[in-house]
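Letter by letter, the chains look like this.
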Amino acid sequence: MSDPATHTPQTTDLAADLASDEVHELSQLSSSALSQRYQQSLLGVFGTPQRVLVRGAGCHVWDADGKQYLDLLGGIAVNTLGHANPLLTSVITSQLATLGHVSNFFTSPSQIALAEKLLEISGAPAGSKVFFANSGTEANEAALKLTRRNTGTPEAPRTKVIALEQAFHGRTLGALSLTHKEKYRAPFAPLPENVTWIPAGDIEALRAAVDQSVAAVFIEPIQGEAGVKMLSARYLQAAREITREAGALLVFDEVQTGMGRTGSFFASTPVIPDVMTLAKGLGGGFPIGAMIVFGEENCARLTPGDHGTTFGGNPMACAAGLAVIHTIESQNLLEAVKTNGTWLREQLSGIPGVSQVRGAGLLTAFELAEANAPKLVSVALDAGFIINATDENTIRLAPPLVITQEQLETFLTALPQLIANA
Ligand SMILES: *Cc1c(COP(=O)(O)O)cnc(C)c1O
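The rules behind each value
- Residues numbered from 1 in each chain as written.
- Predicted model: local features only at pLDDT ≥ 70, side-chain atom pairs only at ≥ 80, totals over all residues.
- Heavy atoms only, no water.
- UniProt positions renumbered as here; feature names shortened; annotations may be inferred.
- Helix = DSSP H or I, 4+ residues; strand = E, 2+ residues; numbered from the N terminus.
- Contact = heavy atoms within 4.5 Å.
- Polar contact = N/O pair within 3.5 Å; in protein donor to acceptor, adjacent residues only side chain to side chain.
- Pairing = 2+ DSSP bridges.
- Buried < 20%, exposed > 50% of the residue type's maximum accessible area, 1.4 Å probe, protein only.
- Patch = residues over 30% accessible without salt bridge, like charges linked within 9 Å, V, L, I, M, F, W, Y side chains within 5 Å.
- Areas by Shrake-Rupley, 256 points an atom, 1.4 Å probe, with all protein chains shown as cover.
- Salt bridge = Lys/Arg side-chain N within 4 Å of Asp/Glu carboxyl O.
- Domains from an automatic or database assignment.
- Buried area = accessible area lost by both parts, 1.4 Å probe.

Peer 1: Honestly, the UniProt feature "binding site: pyridoxal 5'-phosphate" (unreviewed entry) in the chain in this entry has me stumped. Any pointers?
Peer 2: Per the UniProt record, "binding site: pyridoxal 5'-phosphate" (unreviewed entry) is annotated on Gly-136, Thr-137, Phe-168, Asp-253, Glu-254, Val-255, Gln-256 and Thr-310. In three dimensions, the annotated residues from a span of 175 residues occupy distinct locations, with a maximal C-alpha spread of 25.4 Å. By the secondary structure assignment, Phe-168 is in the loop between strand E5 (160–164) and helix H8 (173–178). Those residues in contact with Gln-256, other than ones at most four positions away along the chain, are Ala-77, Gly-224, Glu-225, Arg-261, Lys-280, Leu-363 and Arg-396. At 2.8 Å, the side chain of Gln-256 and the side chain of Glu-225 are in polar contact.

Shown next as structure tokens:
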């Protein structure tokens, strides 16, 4: 076998020869040469990429210089099945070879099958339905449009949306209105939604904020981008009761927490919201977003012509979603995620310099007593580990759901020295 960084599976060799001389040529360049080309051609919204990655397999990826990394971030909670999962690869490629895209003037068996499967695993009552989009922010845009139809009456219009402090719901204008961070929102004001943020986890604050003027309440069951801030089951249940009493719609944004990440399919189970949004882990790396709308009355809020998308629900994305759910079920991954996540947090708690370990399943964060988190990210990268800093003190881990304790152990063993060097 050739060097892992340059080895490409046989099936793509032909494609590389025929269709992608440019990519082939670029893959011969060094990492630093590629970074320079990146900076000349890609819009500077992401800063400098940490590395140029050329290949992945399981929980590992390789960069353009042939260096191997253990991926403890999973493309930000996306690569549920790791990299180059054989089933996911074959399902997507065979779907593409059979039927890759149809417009939403048509449907396909994989679209219907994934919708039915999502309704089944979310415990949705009869009359519930699914809308497919292509990303998390798009799923939330759909949810915002749906909740706008909760208009109230002309005398008592519902004009407000409630979101939580530190919330992150996406970057398009509607979803951005819900995102709490002033730094993300302020440069793009005015934004379309009339949003009030309340302290996360405070039931009394929620009760006080949700009245007849509120159309919807958006909640991430665990605030991922905020640094894995946990909300209690009691809070989610209270949110259900408070919104129902006030006639406001409850939206759970499970874009990051859904699809087995926390050791159950959805972090909010057993609470049933009016709307749930999904994306990140659903396609295992293939772009897809989804909005599950619970109950007939809510589904009736959007009717033909009210919303749409060209790519949403395309056969490949839906086939990918089915392969992800099938694998989670057939390999009993929810149990493994629970066991390995609990074990990981126990081990982390014993490491000097690590404090406040929190999370559920394989969504974990820990705080650093002294070291600087962005520095630790770069020290860890040099040592072959991909991790993420959500702020100056906090490290987030969201590895593939298929990661083993042995793989996690290599990181835990290295961590004390990495912290000392950070
Ligand atoms: C990542 C994320 C989004 C945005 O998803 P994109 O696919 O990046 O648009 C929305 N909500 C939550 C909770 C997220 O973690």
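Past the structure itself, the notes keep going.
Peer 1: Help me out: how do you make sense of the UniProt feature "binding site: N(2)-acetyl-L-ornithine" (unreviewed entry) in the chain in this one?
Peer 2: The positions that UniProt labels "binding site: N(2)-acetyl-L-ornithine" (unreviewed entry) are, in the present scheme, Arg-171 and Thr-309. When you line up the elements, Arg-171 lands in the loop between E5 and H8. Among the structural elements, Thr-309 can be located in the loop between helix H12 (296–299) and helix H13 (315–330). Within the structure, the side chain of Thr-309 is placed 3.4 Å from the backbone nitrogen of Phe-311, a separation counted as a polar contact.

Peer 1: In this structure, what is going on with the sheet that holds strand E14 (residues 363–368)? I would like to understand it.
Peer 2: By definition, the strands of a sheet pair up through backbone hydrogen bonds, in either a parallel or an antiparallel sense. In space, the four strands of this open sheet follow the order E13-E14-E17-E16, with antiparallel pairing throughout. Two strands in the sheet have a free side with no partner beyond their single neighbour: strand E13 (354–360) and strand E16 (388–389). Examined bridge by bridge, E16 and strand E17 (residues 394–397) share two bridges and lie antiparallel to one another. Paired with Ala-389 across the strands is Ile-395, a residue of E17.

Peer 1: Help me understand the pairing of E14 in this model?
Peer 2: Consecutive residues of a regular strand have side chains that alternate between opposite faces of the sheet. Across the six residues that make up E14, a large majority, six, are buried. With burial as the criterion, each face of E14 is covered, one bearing Leu-363, Ala-365 and Glu-367 and the other bearing Thr-364, Phe-366 and Leu-368. In this structure, E13 lies alongside E14, joined through five bridges in antiparallel fashion. Considered in E14, the bridge of Gly-359 is made with Thr-364. Relative to E17, E14 is paired through four bridges, and the arrangement is antiparallel. Its bridge partner being in E17, Phe-366 is matched across the sheet by Ile-395.

Peer 1: Help me understand the environment of Gln-212, please; the structure alone is not making it clear to me.
Peer 2: Position of Gln-212 among the secondary structure elements: in the loop between helix H10 (203–209) and strand E7 (214–219). Excluding residues within four positions of it along the chain, Gln-212 makes contact with Ala-156, Pro-157, Arg-158 and Ala-246.

Peer 1: Which parts of the structure should I look at to understand a nonpolar patch on the surface?
Peer 2: Together, Leu-43, Val-45 and Phe-46 line one region of the surface with nonpolar side chains, adding up to about 410 Å² of accessible area. Position of Val-45 relative to the elements: it lies in the loop between helix H3 (31–41) and strand E1 (53–57).

Peer 1: In this structure, what is going on with the domain arrangement of the chain? I would like to understand it.
Peer 2: It is common to report an interface's size as the accessible area lost on association of the parts. Domain boundaries assigned for the chain yield domain 1 (50–79 + 332–421) and domain 2 (90–330). Just the C-alpha atoms count here: the centres of domain 1 and domain 2 sit 27 Å apart. Of the residues lining the interface, 23 residues belong to domain 1; the matching set on domain 2 comes to 25 residues. Looking at the side of domain 1 facing domain 2, the largest losses of area belong to Val-78, Leu-334 and Leu-363, adding up to 29% of the total buried there. Scanning the region where domain 1 abuts domain 2 turns up one salt bridge. In this structure, the salt-bridge partner of Glu-225 is Arg-396, at a minimum N-O distance of 2.7 Å. Summed over the shared surface of domain 1 and domain 2, the result is twelve residue pairs in polar contact (both at pLDDT 80 or more). Looking at the side of domain 1 that touches domain 2, the elements with two or more residues in it are helix H4 (74–77), helix H14 (333–349), E13, E14 and E17. In terms of residue count, the dominant contributor to the side of domain 1 that touches domain 2 is H14 (four residues).

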